Every structure is written in structure tokens, then in C-alpha cells.
Amino acid sequence: MPLSSLLRGLLQRLAATRLPGLHPLVLSAGAAALLVLLYNGQLWSAVLGWWPGRTVQDIAFLLSIGFVLAAAFFLVLQIFAFKRALKPILVLIFLAAAGVSYFASAFGVMMDHAMIANVMQTDAHEAGDLMNASFLLHMAIYGLLPAAFIVLVPLHHHGINRELMHRLGAVAACLLVIGTSAAFFYQDYAVLVRGHREIRFMINPSAAIYGTVRYATAFPSAMAGEFKTIAANAERRPAADGRKTVIVLVVGETARADHFSLNGYERETTPRLAERGVVSFGEVRSCATSTADSVPCMFSDLARSDYSPAEAATRENLLDIAVRAGVDVIWLENNSSCKGVCARVPTRTSWEVSDPAHCDGSECSDEILVDMLKFAMASNDRDLLVVMHQIGSHGPAYYKRSTPEFRAFAPTCETSQIQSCTEEQLINTYDNSIRYTDHILGEVIDMLDKASDRFDTALLYASDHGESLGEGGIYLHGLPYMFAPAAQTHIPTVFWASPAYREAASLDKGCLARNAGLDYSHDNLFHSVLGLFDIKTDVYRTDLDIFAPCRPAERTAVLMGGPETDGSALR
């Protein structure tokens, strides 16, 4: 029998069943217990692993966690335990909890505000990759069935005196459970929580609710302030020979540094880049573990320690400064969006172009970015910064992230239900996507190399974040930064420059190669691109410019506002 028919039959039978009436407090208590028992598998799995003891006291402590959570949930639900308020709130809670429990169990995700931002900014194509049969079945059993029961069950109240006594008794019972557990197991709770602060992101549905509230309130409060202009004095120093500069900044997606053969990975995943003589910076860390946070952070003057998405949305970024300095900027998009970074510059998207040679009607391969770059450069005669935002290695549908001729590794995982694939299949499929990115970057470098008779050209590639591939039962990305494994934060960063650019910029490639193993992060990107374009401004910091140590000191001094040595130009 098809799943849809089975579900329809269950719902019809439930609707036809005359359910006994329940008091709102009883429904609330049952809901709280159900949430703790059935919707917090990730939490229980983690706690049982963290707390290996199985003495009588250990078991009593572990049981107390369930009672405390249920009491806390029940205490909060009592605020809404009235006829007209309780049902819609419980329906929303169970639908949300069902979704969270699926992704927590299947991929190991945690629901902080950054993950909520990912959910809010996910486009239809990304969502489609996640809407598989397992997810729909899970939502039907853990979301729709409880929601249907909640809608259909009759509710009744007692008289006012009895009602007041029951409600006060329910509050007292919850406080008694929490207080008793604290009295007997305070030290155990302290050890557990202090040693595993990530536990707060695993409690379903409270973590998701808190993250949603935090996400929803951050932007309105920030947007109420004044939009900030930075680097109002930005100025690009002209080249002495009049040649223009074209730099392509490729924002990668979900690439891991340890899967680039340039960085010592045993598989040949980046052969074209190796042939092009690029410099690979092997120890670079991302600003965040999600595209929604990382991309705006990459282009912000704010360091990761000071960064927030709301703050970044209310101030200018690298692209604004480049435009002010006289550099043409264009953003080429083949991901979900630029996350607000390109709001004030010309933008072309793959879905607007929709070339059937590279698009299947729902999404496009990154090859379309190469064609879009050709078009952007064809009529250009000015200084130009092109930002290419890849779909890259975006999961879980890694099998869609490479074309057949670049699938060097087999067998592969031909499904978005990656947790059902073997480790070999999953890594093969992911590595094929890296190999395809290598091809795309090679194509861009070749194009820039051919254009070097007219322009000084360079390419800088950096991924927005990394990816977990099942290590420790964790998949995808988006874990809170403080708990994220290196796989989600250790990103590849690659630089190439034409001989003409290196000569004009007095850039020592040998010096770059010697510095390639130093520790860098997304904090360096803003200042490094300013340096690559010789943009003089008061916000430029030489200590955060990757390329500054490999240029003559007097050039860097000019960018920071010092006097020019030749009185006219930097070149």
C-alpha cells in the first residue's frame, strides 16, 4: 500500500474515532513527555555517550534529566494551556520538533541561530534535495499524526476554584521535580553542562525556538540604526603604464582543505591547479560554518570576533569600497544568493541566464559561471573585480556537483540520503565535486592568462566553510562554531597571478610560497583584496593582508596612508 494511502487511512480513522475529552493540563503534560521521549534522540545519544557510568546513582541521574526536561516543557506549556491557545501552539511545536529531530538524527545538526538563518535562507533547490522519502515519512509519523490528534481531541475545563487548584498544583509539581533533581544531582548536572556546553543546542524544540527568536530579533534592532559608511576616503592608485587590473574572487562552497591534493591529500583532486602553479594556503579557517554567516563575514571589515550578520547588514563591505575607489564590480551567482553582499553592485544569476548547456531546469553547473565571466570580460576596459559564487560541493546532493567526465572516483552515492551510503561512496562523490571545482578554477585561470596581454590579472579562491562527511556521525555543516570539527572550518584558499600582475605589483611568488603554511582566516580576505587592488584607505590593515609581506614595504605604507615614493603612482 502506498505511503500516502496508508497515511490518509490513518488520519481518516483518527478523525472518525470519538476521542475522550482532555483537560488542557493533561494534554500539555502528555505533549511534554512525548517531546522528551521521542523527539530528542540526538540529545539522549550524546548524553549516554558522555556519561558512561551505569551505577544506580548514574541511572537515577540520567532518568532525572528526562524528568527535568519534561517538567520544564510542561511549566512553559501551562502558560498557553487554555482552549483557544493550546492547540495551534502544540501543532506548530510538534511539526517543528519533527523536522528538527529528523535532521538532528540523520545529519547531526544542532539548532542555533546560525542554523535557523540557513533554514530561512534555503532556496527551493536546496530544500528539494532534503525532501526525500525518509524525511516525509518521519514528518508524517512524528508531525502530522500528533498534530491531527491535537486538533481532534476535545478539551474541557473545570470550575474556576478547581481549575485554579489544578494549575497551582501543576506548577508546584514541576518546581518540585526540578528542585529535587537539583538537590540530589547538582554536581552531576554541573559536570555535564560545563563539560559539554553544546548540550543546549540539542534540546528539542527549545533550541530551535530560542534560535528562531534570536534570528528574528537581531536584524530589526540592527536595521533601526543608521547605515554605516566605511572607508569614505578609498582611492585606487593608478598604474604608471595605464594598464588595468582584473581580479576574479571565487567564493567556493563547502570545500574542505584536507580534500585538496594541493594540500597533501592522497587523491589527485586538484591536478589542473597543480599544473597552473598556484599558491595554496593550507592553514586557513572560515569565519563561520554556514553560507549565511560566512559569505557576509568574508566581505566585511569586521573580524570574526566582532562580526554579526545583523551588524554586517548595516554597514558597507569590500565591494562598496572597491566601487568607491573606481573599480567596476560584478557578482556572478550560482548559489542560493549573495546573502546581501551584492545588494549595491551589478549582479547576474545563473537562473536568469539559464543556459541549457549547463542547466537542467532546476539548477546549473558551475560551468555557467565561466561563460558568464567571458561575457563580463568581453567588453571590459576598466579595473574590474568579478566575484563568482559557486554551488561548489554543496550537499547533501554531492552527486549533482560534478559532470560525468570529472567523476574520477567510484562507486558513488547517487542520493541525497547520504547517511544511507557507505563511507567510500560518500567520499568518492564528494571528491568528484572537488575535482570539478578544480576544473572550473583551471578554466578561469586559463581565461585570465589569455587576457594578460591586455590586463594585469589574478585569481583568489576561498571556500565559505567546510563540510562533515559522517565523521562521528556528523554530516553537512552549520554546527555552532565553538563545537564545530575542523572539517567544517578548515578551508582551501588558492591564489594565482599572471606574470604581468606580479611584476606590476612587485609581488614575490617565492615569498608567498614560503608563507603558505602560516595560519590565516577569512579575516584576511577583506584587507588582502584591498591590497591586491592597491586601494588606499584608512581601514586597510597591513597585518591582515596575506600579500603585504611579499611586496615592497613602501607600497604597503602608501596603502595605509603614507607618502608615495615617486609622487604619482604606485607602479
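Computed from a predicted structure; not experimentally measured.

J.: Looking at this structure, how should I read the overall build of the protein?
T.: Regarding its fold elements, the protein presents 22 helices and 12 strands. The buried share of the protein, taken over its 571 residues, is 55%. Of the contacts formed within the protein by residues at least 6 apart in sequence, a portion of 77% connects residues at least 24 apart. Approximately 24500 Å² of the protein is accessible, and the part contributed by carbon and sulfur atoms is 61%.

J.: Any chance you could explain the nonpolar core here in plain terms?
T.: One recurring pattern in soluble globular proteins is that nonpolar side chains are buried together. Ranked by size, the top nonpolar core spans 107 residues in total, and within it Ile65, Phe107, Leu373, Met388 and Leu459 carry the most contacts. Considering each element in turn, this core owes the most residues, 12 residues, to helix α5 (residues 83-107). Excluding residues within four positions of it along the chain, Met388 makes contact with Val248, Leu249, Val250, Val251, Leu332, Leu369, Val370, Leu373 and Val444. In this structure, Val279, Phe281, Val329 and Val529 belong to the second largest nonpolar core, which totals 51 residues.

J.: Looking at this structure, I do not really get the state of the cysteines. What am I missing?
T.: Between two cysteines, a covalent bond joining their sulfur atoms is known as a disulfide. Enumeration according to the criterion identifies 5 disulfides in this entry. The side chain of Cys287 participates in a disulfide bridge whose partner is Cys297; the two sulfur atoms lie 1.9 Å from each other. Where Cys287 bonds to Cys297 through sulfur, the torsion about that S-S bond is close to 80°, and the disulfide is right-handed. Taken together, the residues span a long stretch of sequence, with Cys287 in the loop between β3 (279-285) and α12 (291-298) and Cys297 in helix α12 at a distance of 10 residues. Using a relative accessible area of 5% as the deciding quantity, one classes Cys287 as buried. Owing to a relative accessible area of 1%, Cys297 belongs among the buried residues under this scheme. The disulfide partner of Cys413 is Cys421, and the gap between their sulfur atoms is 2.0 Å.

J.: What am I meant to see in the environment of Phe103 here?
T.: Mapped onto the secondary structure, Phe103 falls in helix α5. Expressed as a C-alpha distance, the spacing of Phe103 and Arg162, which sit 59 residues apart in the sequence, is 42 Å. With near-sequence residues (within four places) excluded, Phe103 lies in contact with Gly108, Val109, Leu130 and Phe135.

J.: Looking at this structure, how should I read the sheet that holds strand β7 (residues 455-463)?
T.: Within a sheet, adjacent strands bond to each other through the backbone by hydrogen bonds, running parallel or antiparallel. The mixed open sheet is built from 8 strands, whose spatial order is β5-β4-β6-β2-β7-β10-β3-β11. If you trace the sheet from one side to the other, it starts and ends with β5 (347-349) and β11 (520-521), each paired once. Note: β7 against strand β10 (residues 490-497), 5 bridges, orientation antiparallel. Residue pairing across strands places Leu459 opposite Trp496, the latter belonging to β10. Its contacts with the sheet place helix α17 (residues 423-450) against β2 (244-252), β6 (384-389), β7 and β10, and it is angled at close to 165° to β7.

J.: Honestly, the layout of surface pockets in this entry has me stumped. Any pointers?
T.: The gaps left among the atoms become clear once a water-sized probe is rolled over them. Put simply, the largest pocket is a space of about 910 Å³. What lines the largest pocket is a set of 38 residues, among which Phe103, Met115, Asn118, Val119 and Thr122 lie closest to the centre. For the lining of the largest pocket, the secondary structure elements donating two or more residues are α5, α6 (113-121), α7 (124-130), α8 (133-152), α10 (206-223) and α12. Here the lining of the largest pocket is composed, by residue class, of 24 nonpolar, 12 polar and 2 charged. Approximately 660 Å³ is the volume attributed to the second largest pocket. Every residue lining the second largest pocket is counted, 29 residues in all, and those nearest its centre are Asp112, His113, Ala114, Arg214 and Asp293. Looking at the lining of the second largest pocket, the elements that each hand over two or more residues are α6, α10 and α13 (309-312). Of the residues forming the lining of the second largest pocket, the biggest block, 7 residues, is contributed by α10. Here the lining of the second largest pocket is built from residues that sort into 18 nonpolar, 6 polar and 5 charged.

J.: What's the story with the packing of aromatic side chains in this structure? I'm lost.
T.: By convention here, two paired aromatic rings are described through the distance between centres and the angle between planes. Counting across every chain of the model gives 20 aromatic pairs. Ring geometry for Tyr102 versus Phe135: centroids 5.3 Å apart, planes at 70°, classification edge-to-face. Separated by 33 residues along the polypeptide, Tyr102 in helix α5 and Phe135 in helix α8 bring together distant segments of the chain. Accessibility classification places Tyr102 together with Phe135 in one group, the buried group.

J.: Got a minute to help me understand the side chain of His138 in this structure?
T.: Tracing the backbone through its elements, the reader meets His138 in helix α8. Setting aside chain neighbours within four positions, we find His138 in contact with Ala98, Ser101, Tyr102 and Gly143.

J.: What exactly am I supposed to notice about the confidence of the model for the protein here?
T.: The predicted model of the protein averages 91 in pLDDT, with 93% of residues at 70 or higher. Segment residues 565-571: pLDDT under 50, and 23 contacts once partners within four positions in sequence are set aside and those in other chains are kept.

J.: Before we go on, may I ask you to explain the side chain of Glu367 in this structure?
T.: Turning to its location among the elements, Glu367 is positioned in helix α16 (residues 367-378). A distance of 3.0 Å separates a polar atom in the side chain of Glu367 from a polar atom in the side chain of His439. Sequence-distant contacts of Glu367, that is, excluding residues within four places in its chain, are made with His358, Tyr436, His439, Ile440 and Glu443.

J.: Honestly, unusual backbone geometry in this entry has me stumped. Any pointers?
T.: With the exception of glycine, most residues fall at negative phi, and the peptide bonds are largely trans. The omega torsion across Asn204 and Pro205 is 10°, close enough to zero to call that bond cis. Within the secondary structure layout, Pro205 lies in the loop between α9 (160-195) and α10. Here the bond from Gly395 into Pro396 is cis, since omega is 5°, no more than 30 degrees from zero. Along the chain, Pro396 falls in the loop between β6 and α17. In this model, Leu476 sits at a positive phi of 65°, which is unusual for a non-glycine residue. By secondary structure assignment, the location of Leu476 is in strand β9 (residues 475-476). The backbone of Ser506 shows a phi angle near 50°, a positive value even though the residue is not glycine.

J.: Is there a simple way to think about helix α3 (residues 41-50) in this case?
T.: A turn of α-helix holds 3.6 residues, and therefore any two residues three or four places apart point the same way. Buried within α3 we find Gln42, Leu43, Trp44, Ala46 and Val47. Of the surrounding elements, those touching the buried residues of α3 are α2 (24-38), α4 (56-77) and α5.

J.: I would appreciate a short explanation of the pattern of salt bridges in the present structure.
T.: If charged atoms from side chains of opposite charge come close, those side chains can pair. Under the definition given, this model contains 22 salt bridges. A salt bridge links Arg272 to Glu443, with the nearest nitrogen and oxygen atoms 2.8 Å apart. Of the two residues, Arg272 sits in helix α11 (residues 271-275) while Glu443 sits in helix α17, which places them 171 residues apart along the sequence. The residue Glu311 makes a salt bridge to Arg315 at a minimum N-O spacing of 3.1 Å. By relative accessible area, which is 12% here, Arg315 ends up buried.

Conventions and cut-offs
- Residues numbered from 1 in each chain as written.
- Predicted model: local features only at pLDDT ≥ 70, side-chain atom pairs only at ≥ 80, totals over all residues.
- Heavy atoms only, no water.
- Helix = DSSP H or I, 4+ residues; strand = E, 2+ residues; numbered from the N terminus.
- Buried < 20%, exposed > 50% of the residue type's maximum accessible area, 1.4 Å probe, protein only.
- Contact = heavy atoms within 4.5 Å.
- Areas by Shrake-Rupley, 256 points an atom, 1.4 Å probe, with all protein chains shown as cover.
- Core = buried A, V, L, I, M, F, W, Y, C linked by side-chain atoms within 4.5 Å.
- Disulfide = S-S within 2.5 Å.
- Pairing = 2+ DSSP bridges.
- Axes fitted to C-alpha atoms, helices over the stretch in contact; angles between N-to-C directions.
- 1 Å grid on protein atoms, 1.4 Å probe; cavity = no way out; pocket = protein on both sides within 12 Å on 5 of 7 lines; lining within 4 Å.
- Points joined across faces, edges and corners; volume = space filled by probe spheres on them.
- Nonpolar A, V, L, I, M, F, W, Y, C, P; charged D, E, K, R; others polar.
- Phe/Tyr/Trp six-rings, centres within 6.5 Å; stacked < 30°, edge-to-face > 60°.
- pLDDT = per-residue confidence, 0-100.
- Polar contact = N/O pair within 3.5 Å; in protein donor to acceptor, adjacent residues only side chain to side chain.
- Salt bridge = Lys/Arg side-chain N within 4 Å of Asp/Glu carboxyl O.

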